[in-house]
Amino acid sequence: MSDLAAHIGRTTAVGTLVVERAPLTAFARAVHADDPVYRNADAARAAGFDDVPAPPTFGFSIRTGAGGRSCSPPSSPRATRSPR
């Protein structure tokens, strides 16, 4: 546990990652995040979010889903979207 104590309160890099709403709501359902802000855009906006936010543990799943590799935020401060 002492090796983890060094990370408490540590500041990490800031970045933006754009994720489609469907994977966020599926993740929220899977982790039993029952707050409507994680599933409904209107509820999220009423709570002060721009859109459906990621549940708190979503960032950890991205790292795990990347096969242990870190997912780096875009180099630009503005998030980019891939063409549909």
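Residues numbered from 1 in each chain as written. Predicted model: local features only at pLDDT ≥ 70, side-chain atom pairs only at ≥ 80, totals over all residues. Heavy atoms only, no water.

What follows covers the overall build of the protein. Within the protein, the secondary structure is distributed over four helices and zero strands. Secondary structure of the protein in N-to-C order comes out as α-α-α-α. Looking at the protein as a whole, 17% of its 84 residues qualify as buried. With the model as given, the accessible surface of the protein reaches about 6,800 Å², and the carbon-plus-sulfur share is 55%. (Helix = DSSP H or I, 4+ residues; strand = E, 2+ residues; numbered from the N terminus. Buried < 20%, exposed > 50% of the residue type's maximum accessible area, 1.4 Å probe, protein only. Areas by Shrake-Rupley, 256 points an atom, 1.4 Å probe, with all protein chains shown as cover.)

Summed over the entire model, instances satisfying the criterion amount to one aromatic pair. Measuring from centroid to centroid gives 5.2 Å for Phe27 and Phe58, while their planes differ by 80°, and the two rings are edge-to-face. Linking Phe27 in helix α2 (residues 21-30) with Phe58 in helix α4 (residues 58-65), this pair joins segments that are 31 residues apart in sequence. We classify Phe27 as buried; its relative accessible area is 16%. (Phe/Tyr/Trp six-rings, centres within 6.5 Å; stacked < 30°, edge-to-face > 60°.)

Pairs can form between side chains of opposite charge whenever their charged atoms are close. This structure, assessed with the given rule, holds three salt bridges. Residue Asp51 is joined to Arg21 by a salt bridge in which the shortest nitrogen-to-oxygen separation is 3.0 Å. Here Arg21 lies in helix α2 and Asp51 lies in the loop between α3 (41-46) and α4, a separation of 30 residues in the sequence. (Salt bridge = Lys/Arg side-chain N within 4 Å of Asp/Glu carboxyl O.)

Below, the discussion takes up the environment of Tyr38. Among the structural elements, Tyr38 can be located in the loop between α2 and α3. When the C-alpha atoms of Tyr38 and Thr25 are compared, they prove to be 6.0 Å apart, with 13 residues separating the residues in sequence. The contacts of Tyr38, once residues within four sequence positions are left out, are Leu24, Thr25, Ala28, Ala33, Val52, Pro53, Ala54, Pro55 and Pro56. (Contact = heavy atoms within 4.5 Å.)

As for its placement among the helices and strands, Thr25 is situated in helix α2. Accessibility expressed as a relative area gives 12% for Thr25, which makes it buried. If sequence neighbours within four positions are ignored, Thr25 has contacts with Tyr38 and Arg39.

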